[in-house]
Amino acid sequence: MKKISLLVLAMLFCFSAAVYAQQLPKVAILATGGTIAGSTDAGGTVTTGYKAGALTVDTLINAVPELTKIAQITGEQICNIDSSNMTDEVWLKLANRINTLLQTVDGIVITHGTDTMEETAFFLNLVVKSNKPVVLVGAMRPATAISADGPKNLYNAVALAGSPLAKGKGVMVAMDDTIYGARDVTKTNTMLTSTFKAPNSGAIGTIIDGTPHFYAAQSRPHTTRSEFNVAGLKSLPKVDILYTYSNDGSKVAAEAFIKAGAKGLVVAGSGAGSIHENQLGYLRELAKNKQAIVVRSSRTGSGYVPNANDGTLNADNLNPQKARVLLMLALTKTNDPKVIQSIFDKY
Ligand code: SIN
């Protein structure tokens, strides 16, 4: 008799645990590599010289058993790379997979290297067609380090992606207990776990004990209000970035980019988008002859770049790598400089 009641109790426990689990939000984790999946044999105190993109999505998920208490998790390996090697091909694959998955899950987490996370985040912010949360997360220390930041960051990202509070906020980056909007977030330090900042607008929230708290929103259109759609695209228009500096020799690079098929060039200008005369004349000619769209951004890391009224366009306050993303997407729709400038003014 005692044995039977114990069995019934155990069955009841399993049944309620299963019912409880089914009520948890469905969160898909798409892994792309980076330091969060980084590993080294050199020891726990080593945080450089490791291999990024060494561990699989299953290893990352299994390292944080607490995830199963806050979400029904599935994992997929999209690629396993150092994000400094990110490609348009991976971006298109990610965008298409996210748009499909969001029809059935409540939120998505993308594990990603921190080096180019801001570019992938901004790209997805403009091409994901859903108001469900999409969160990018990474780590500054490899998984083998003492005090690795990956597990806590991943827990926060899953909590955020599964939260109804995060709906309609666009694509976000969750790092170091902080929530950033994809448009404004940027990596500002090579080593520190507090590397991510949003210099023009600030963070949009924090995550405390697995609960997101929002204090601001992304003001520019994103996701469901964005006009860009990459479904069916096999490639993206080629846009390259030039830098300006004392005794600038970049005209050679600009010519090579155009020869290689660049449809657009973004210049990391000095100050408010100034460009050295050594390359400026050539760039103005390109713009005048409609050979390429030239967009002025700034190498300062923040601030508005005004229009120079010389045929070149201005990137608003997007940094060069973000301006490049927007120009690529703009070029999927039009070659008209006036329309492209209006896109920069809007997004
Ligand atoms: C990477 O971006 O893949 C390496 C660096 C990092 O994730 O912090």
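If you're wondering where the values come from, they're calculated on a predicted model, not measured in any experiment.

A. Molecular detail of the domain arrangement of the chain. Each assigned domain of the chain is listed here: domain 1 (22-225) and domain 2 (239-346). The straight-line distance from the C-alpha centre of domain 1 to that of domain 2 is 29 Å. Contact residues are listed per partner, giving 17 residues for domain 1 and 17 residues for domain 2. Three residues, Phe-122, Arg-183 and Asn-200, lead the burial of domain 1 against domain 2; their summed loss comes to 35% of the area buried on that side. Our count for the domain 1 to domain 2 interface comes out at 2 salt bridges. At the surface where domain 1 touches domain 2, the tally comes to 11 residue pairs in polar contact (both at pLDDT 80 or more). Counting only elements with at least two residues in the side of domain 1 that touches domain 2, the list comes to helix H4 (88-101) and helix H5 (117-127). Considered class by class, the residues forming the side of domain 1 that touches domain 2 number 9 nonpolar, 2 polar and 6 charged.

B. Inspection of the sheet that holds strand S11 (residues 239-243) at higher detail. Taken in spatial order, the 4 strands make up an open sheet running S11-S12-S13-S14, and their pairing is parallel. One side of each edge strand has no neighbouring strand; the edge strands of this open sheet are S11 and strand S14 (313-314). Bridge count for strand S12 (residues 264-269) against strand S13 (residues 293-298) is 6 bridges, and the pairing is parallel. What sits directly across from Ala-268, in S13, is Ser-297. Sitting on the sheet, helix H9 (residues 320-331) touches S11, S12 and S13, and the angle it makes with S12 is about 160°.

C. View of empty space enclosed by the protein. Applying the stated criterion across every chain, the model contains 1 cavity of 30 Å³ or more. Taken as a whole, the largest cavity holds about 130 Å³ of empty space. If you go around the largest cavity, you meet 16 residues; those closest to its centre are Asn-200, Gly-301, Asn-317, Leu-318 and Asn-319.

About the criteria used
Residues numbered from 1 in each chain as written. Predicted model: local features only at pLDDT ≥ 70, side-chain atom pairs only at ≥ 80, totals over all residues. Heavy atoms only, no water. Domains from an automatic or database assignment. Contact = heavy atoms within 4.5 Å. Buried area = accessible area lost by both parts, 1.4 Å probe. Salt bridge = Lys/Arg side-chain N within 4 Å of Asp/Glu carboxyl O. Polar contact = N/O pair within 3.5 Å; in protein donor to acceptor, adjacent residues only side chain to side chain. Helix = DSSP H or I, 4+ residues; strand = E, 2+ residues; numbered from the N terminus. Nonpolar A, V, L, I, M, F, W, Y, C, P; charged D, E, K, R; others polar. Pairing = 2+ DSSP bridges. Axes fitted to C-alpha atoms, helices over the stretch in contact; angles between N-to-C directions. 1 Å grid on protein atoms, 1.4 Å probe; cavity = no way out; pocket = protein on both sides within 12 Å on 5 of 7 lines; lining within 4 Å. Points joined across faces, edges and corners; volume = space filled by probe spheres on them.

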